[in-house]
Structures are given as C-alpha cells and as structure tokens.
Amino acid sequence: MSVTHPAGFVAAGLAAGIKGEDRKDMALLVNQGPRFAAAAVFTSNRCLANPVIWSKEVVKDGTVRAVVVNSGGANCYTGSEGFQVTHATAEQVASGLGIGAGDVLVCSTGLIGLLNDRQTLLDGVDALVPQLSEHGGDDAAHAIMTTDSVAKQVVVERDGWSIGGMAKGAGMLAPQLATMLVFLTTDAVASPAELDEALRRATAQSFDRLDADGCMSTNDTVTLQASGASGVEPGVDALAEALTEACVDLALQLLRDAEGAEHDVHITVRGAASEADALEAGRSIARSALFKTAIFGKDPNWGRVLASLGTTSAAFDPLDLDVAMNDVWVCRSSTPAESRDLVDLTGREVTVTVDLKSGPHEATIWTNDLTHAYVHENSAYSS
C-alpha cells in the first residue's frame, strides 16, 4: 500500500543524516513511464519556501520525472544559498537518473530558517538512486515524516488502473493545504490538464476541508504523477472520483495524527444558502479555541458553536439555529433542547451538526480538539 503500487513507479527512503541521527529523512520517487504527465497544487501562503518556488516552475509544463524530498529542514527564508541548494539537489537527481533537472520536483519539510547542508543532500541523492525499487514506497513514506507518529499511505484500485499515495503532516492543518506534503501516483493515462483538473477537484473535497489549528505552512505541496503504464484512460471524472477517495483517506489519516489531539471532530453545516456559507460557518467553529478546548474537556458547550457562527457573513437567522453533538440535538431554534448530559464525548470521534435553515447546501470541515499535549509539542518543537 504505497506510491509504488501503480505500475511505473519506484521509490526509496533512507537516513541521509539531515536530522543528525539514524532516522530516515530523505526520499526519492521516480516515474519510469512510459508517460510523465504531472500536476501539483501548492500552499497559498505568500511566504514561500525555496523548494515551492522551484517546483512551481518545474510543473508548469506538465512533465515531472522525479520528486526528491527531505525532512528535518524546510529550506525557507534561507537566502539565495537556500535556493541554490534546492537547485543543486534537483541537478544531482537529474545526473543520477539521466534526466533534466527541469523535470525534478523538490520538497522540504521542517523548521523555517534552517539551511540544509548542501553536501548532505547531494550525498543523500547519490545513496537513494541505487536503492530505488517498486517496493520502496514504505521507506519513502517514513522518510518524509517530521512530527508524525505514523506514516500515511493509501491505495485505491480501479478496473485495470490504480492510485497510490503517501503524506506527511500532523498539525498546522488549515485550508489551502497544511503543513503537509502529499505525493500521489497513478498508472492511468491522462494529460497534464486532466490531472490538474482532477487534482484540484479532489483537494477541494479533502485537504482543503482540514482545519486543525488555522495555521498555514510555507512548504505545502500536493503532487500527482501519471505513468500511463496501465494503458487505461479513465477520463477526468473517473480520475477525480478515485483521487478524491484517496485524498479523503489521507486527509483523515492526517487528522487522526494531529499533534496531541484526543478527539477528531467532524463539523457538518447544512441548510446553508451556498456551499461557501457552509464552509465559512464550519471553519469558524473549527478555529474557535473556546470550542476546541470545550471538546477536550468533554463539555458539549453548544453556546460556543453559536458564538462562532455569529462572527461569519453566512446567511441565517440568529434566533433559529439548530445544533447537534454526537446526534443529540442540544439546541433547537437557538434555545436549549435535549439535555447536554445525553452527549457522550469520551470517544475519539465527535460529530457536530449545525442547521442554518437558509438553503439546500452543506459542507463538512474536519478538525480536532486543543489539548495540553498540542501546546507542549509545539512549544518544544525546535529543541
């Protein structure tokens, strides 16, 4: 179950020494063809890491042969030398594979302001190339981890073709991606334009619905490569449907591994005048520290849900809102309804349903609670 499940892909992951200990910290994913179509989406943060700046240019022509990834340093705000390190890493991959550097995506994750050692990365590339294997997906998935407690991988099978994927990320999950890297592969036949459309449709319904702490990283990248090795051309709709399945699976794996979280919270806003209203309302709840700490304390405090809704521009009557927590309708028409004592928040999964009673649209946002462990992990992260 990995990025090398679809035909035409090989990968490797190893400890290059970036983290200064015997932990895997560098990965290489290679498309062996016969086609090399690709698409990618990136963080919408205006403050971009050097690998994002490089990779945005690489993917413009829709052709990608390889992706090289390091964990342990984001290579963001590291000056001109940082960009040169990114360029040199791509050139080293290109030399080792006999391809052009302009077909190599580079991704990094870790601390901002930390300049990765150039020679360590180049030596890492030299060690990765001979280890490339169709069985190397699991090693690659472990090599891209930072604060993750587990590797995230997925395979989606279709008739004669498949999708594979791996992701890293355990916090800073916010709309327009997260502090995450996601690498998707398929052996389907598809053009770069079809891949781009399918990928954007899939990420809009998956990663863009994650909102763990309202923060947005500088390195976020989701890539999709198609080898065409299956010979099957599914079409953009079938491709988007399968990609969405894969991306939702990975997104929920990211949610379950959110730093220090004890509850996974699914917030569904229905009865909205538009999908945009439903999303805005859901995000307002997901980003409320008061709401998230209440969930951590196993307190079904629906008043904090209504207070969050009131900060939005969504269409609704403030005196006619319904709220359910784990299917108990604790609020009807903006007044107390079923007893809060009926709400059991001891389990990992929590559902919150809000009815705006203003239209036919709905959307679900995924978040988590705010715990002591989250504060500790993020306060101690750089030490």
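Residues numbered from 1 in each chain as written. Predicted model: local features only at pLDDT ≥ 70, side-chain atom pairs only at ≥ 80, totals over all residues. Heavy atoms only, no water.

**Student:** Quick question: what am I supposed to make of the sheet that holds strand 6 (residues 152-158) here?
**Tutor:** Either a parallel or an antiparallel arrangement is found when strands of a sheet pair, and the pairing is made through backbone hydrogen bonds. Taking strand neighbours across the sheet as the criterion, the 5 strands line up as 3-9-8-7-6 in an open arrangement whose pairing is mixed. The strands lining the two open edges of the sheet, one partner per strand, are strand 3 (37-42) and strand 6. Neighbouring strand axes in the sheet, compared pairwise and without regard to direction, differ in orientation by 10 degrees on average. As paired elements, strand 8 (residues 181-186) and strand 9 (residues 221-226) share 6 bridges and run parallel to each other. Paired with Thr185 across the two strands is Gln225, which belongs to strand 9. Across the face of the sheet, helix 5 (residues 192-204) comes into contact with strand 3, strand 8 and strand 9 while running at roughly 35 degrees to strand 3. (Pairing = 2+ DSSP bridges. Helix = DSSP H or I, 4+ residues; strand = E, 2+ residues; numbered from the N terminus. Axes fitted to C-alpha atoms, helices over the stretch in contact; angles between N-to-C directions. Contact = heavy atoms within 4.5 Å.)

**Student:** Can you walk me through the pattern of salt bridges in this structure?
**Tutor:** Oppositely charged side chains may form a pair once their charged atoms are brought near each other. Inspection of the entire model under this criterion finds 19 salt bridges. Note that Lys152 is salt-bridged to Asp148, the shortest N-O span being 2.6 Å. The pair formed by Lys152 and Asp148 is uniform in burial state, with each residue classed as buried. Note that Arg340 and Asp299 form a salt bridge whose closest N and O atoms lie 2.8 Å from each other. Remark: Asp299 occurs in the loop between helix 8 (289-296) and helix 9 (302-309) and Arg340 occurs in the loop between strand 13 (335-336) and strand 14 (349-355); sequence separation between them is 41 residues. For Arg340, a relative accessible area of 37% gives the class partly exposed. Each member of the salt-bridge network shares a partner with another, and the members are Asp320, Asp322, Arg332 and Lys357. (Salt bridge = Lys/Arg side-chain N within 4 Å of Asp/Glu carboxyl O. Buried < 20%, exposed > 50% of the residue type's maximum accessible area, 1.4 Å probe, protein only.)

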